Amino acid sequence: MPPDVSQHWSVDLNSIQYYWADISDVVLSCAMTRNTGFPPSMPAFPPAGGAARRRCYRSTMQEVQMLDRSVAIIIHDGVQALDIAGPVDVFAEANSLLGGRASYRTVLVARTRDPIVASNGMRLLADLTFTEAQNPFSIVLVAGGPELPVSPPDEELSAWLRTASSRADLYGSICTGAFALGHAGLLDGRAATTHWQIAQRLAVLFPNARIDPDRIHLRDGRLITSAGVTAGIDLALALVAEDHGAALAQAAAKRLLVIAQRQGGQSQFSPFLATAVDTASPLARVQQHVMEHLAEPLSVRQLAGVAKTSERTLWRLFKEVGLTPHDFVEAARVDAARNLLEGSDRPLKAVAYDCGFGTPERMRAVFQRRLSISPAQYRNSFRMRPNANAA
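The text that follows walks through the structure, step by step, so that each part is easy to find. (Residues numbered from 1 in each chain as written. Predicted model: local features only at pLDDT ≥ 70, side-chain atom pairs only at ≥ 80, totals over all residues. Heavy atoms only, no water.)

## Details of unusual backbone geometry
Now for step 1: With a phi close to 55°, Cys175 is a non-glycine residue in the positive phi region.
Now for step 2: For Cys175, the location among the structural elements is in the loop between strand S9 (170-173) and helix H4 (178-183).
Now for step 3: Assessed through its relative accessible area of 5%, Cys175 is described here as buried.
Now for step 4: With a phi angle near 60°, Lys308 is a residue other than glycine that sits in the positive phi range.
Now for step 5: Topologically, Lys308 is positioned in the loop between helix H9 (300-307) and helix H10 (311-320). (Helix = DSSP H or I, 4+ residues; strand = E, 2+ residues; numbered from the N terminus. Buried < 20%, exposed > 50% of the residue type's maximum accessible area, 1.4 Å probe, protein only.)

Written out as structure tokens, the structure reads:
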């Protein structure tokens, strides 16, 4: 059994120094500065120790690296306030639960210290400017905002991100912050996610990236990205779980009244039938027919007859909006089932029949494939309960 390390080490939290009780030389002396969070290179172990002592040393060094995690969150005009507040509150709850054994030290970084107006009108102040934030951070995150997908590249931000990300253990984005990473060249060859509404635009702007529109959060090596808005909370909880274990992340989630790990992906929040079509077009006639006859078999031949086109032309028309006829029909059935699951208590068997799935098993298979969640789980998450206080 390795010796009890607590009996052999003394700790000064201002300038953390570790000593072996039976070795006169200092094994490690390192200053944990405000913006680093990691000690300098680990010195060679003194030749006097045995295997058990070396094991204790390695274990203790791992604890040293967990003592502090510095987190830089980049903010900008029009930033989404919840992209900042969500992760910051998760890290704050983790600090409280850790009771001083470790900590996340979060700073806001921006181009200037002048007040920044968030998309909801809230005024924010940065702790550091890009010029001042030159020390390495453990984690670097870009918060999103509604205007980022259509904003031109910010060369100053891009330059700072390239430098900061190269020195960080992890770097990434929350929601549309992924666009800033893309402009900095940090998505090339990487898998990433963002809000489902603008995932396609991200993929078009940065074709060298692999964009997954369904993930709540995604890690590819040192790159970490999350979906929209509240997904930043999910990402922060995942980081806490990685650093300190699932139990502590779960405790932080309970304090914040959120789920530590959501079931399913972003698809459960996004409408499949969002593509607008000309009301006079053949596709509009097909869409109306499908929605009115969901419980019936709907073949391509039948839909081509409704559209008054050939089957080949129908395939081409659907391809122009990024779908196949089968995808469209299945998506319509899923949307209808979601509406019934949210707004009624109809049995799953009845929902499956009314929406054209035939059986609950078939509906479950489609839900799992498209939403990564079962119909029962979807109902539990999104069921609209009647107001008990309503007159």
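Having seen the structure, we can now continue with the description.
## Considering the packing of aromatic side chains
Now for step 1: Tallying each qualifying case throughout the model produces 6 aromatic pairs.
Now for step 2: Centroid distance Phe91 to Tyr104: 4.8 Å. Interplanar angle 25°. Geometry classified as stacked. Of this pair, Phe91 sits in helix H2 (residues 81-98) while Tyr104 sits in strand S4 (residues 103-110), and the two are 13 residues apart along the sequence. Judged on exposure class, the residue Phe91 and its partner Tyr104 are both buried.
Now for step 3: Three or more aromatic residues joined by ring pairs make a cluster, and in this case those are Phe130, Phe137 and Trp160. (Phe/Tyr/Trp six-rings, centres within 6.5 Å; stacked < 30°, edge-to-face > 60°.)

## Considering the nonpolar core
Now for step 1: By size, the foremost hydrophobic cluster in this structure holds 35 residues, and its most contacted members are Ile75, Ile84, Phe91, Ile139, Ile224 and Val240.
Now for step 2: Contributing elements (two or more residues each) for this core: strand S3 (68-74), H2, S4, strand S8 (139-142), helix H6 (231-244) and helix H7 (246-255).
Now for step 3: Non-local contacts of Val240, meaning those with residues more than four positions away in its chain, are made with Val90, Phe91, Ala94, Tyr104, Gly245, Leu248 and Ala249.
Now for step 4: Membership of the second largest hydrophobic core comes to 31 residues, among which are Ala72, Phe179, Ala192 and Ala209. (Core = buried A, V, L, I, M, F, W, Y, C linked by side-chain atoms within 4.5 Å. Contact = heavy atoms within 4.5 Å.)

## With respect to the pattern of salt bridges
Now for step 1: Counted according to the given criterion, the structure contains 18 salt bridges.
Now for step 2: Here Asp354 and Arg346 are joined by a salt bridge, their closest N and O atoms 2.4 Å apart.
Now for step 3: Residue Asp354 is classed as partly exposed on the basis of its relative accessible area, which comes to 32%.
Now for step 4: Several salt bridges share partner residues, and in doing so they unite Asp327, Glu330, Arg362, Arg369 and Arg370 into one network. (Salt bridge = Lys/Arg side-chain N within 4 Å of Asp/Glu carboxyl O.)

## Considerations on the pairing of S4
Now for step 1: Taking burial as the measure, the 8 residues of S4 include 6 buried ones, the bulk of the element.
Now for step 2: Across 7 bridges, S3 lies against S4 in parallel orientation. In the strand pairing of S4, Ile73 is matched with Leu108.
Now for step 3: On the question of chirality, the crossover connecting S3 to the parallel S4 by way of H2 is right-handed.
Now for step 4: Judged from the 2 bridges that link them, S4 and strand S7 (residues 128-129) form a sheet pairing that is parallel. Among the inter-strand pairings, Ala110 is bridged to a residue of S7, identified as Thr129. (Pairing = 2+ DSSP bridges. Right-handed = clockwise from strand over helix to strand, strands pointing away.)

## Points about the sheet that holds S8
Sheet strands pair via backbone hydrogen bonds, and the direction of the pair is either parallel or antiparallel.
Now for step 1: Here 7 strands make up an open sheet; going across it, the order is S7-S4-S3-S8-S9-S13-S12 and the pairing mixed. Whereas interior strands pair on both sides, the edge strands pair on one side only; in this sheet they are S7 and strand S12 (217-220).
Now for step 2: Relative to strand S13 (residues 223-226), S12 runs antiparallel, the two being bridged by 4 bridges. When the sheet's bridge partners are listed, Leu218 is paired in S13 with Thr225.
Now for step 3: Contacting S3 and S4, H2 runs over the sheet at an angle of about 155° to S4. (Axes fitted to C-alpha atoms, helices over the stretch in contact; angles between N-to-C directions.)

## Thoughts on the environment of Gly182
Now for step 1: Relative to the helices and strands, Gly182 resides in helix H4.
Now for step 2: Taking relative accessible area as the criterion, Gly182 reaches 7% and is therefore assigned buried.
Now for step 3: Sequence-distant contacts of Gly182, that is, excluding residues within four places in its chain, are made with Leu187 and Phe206.

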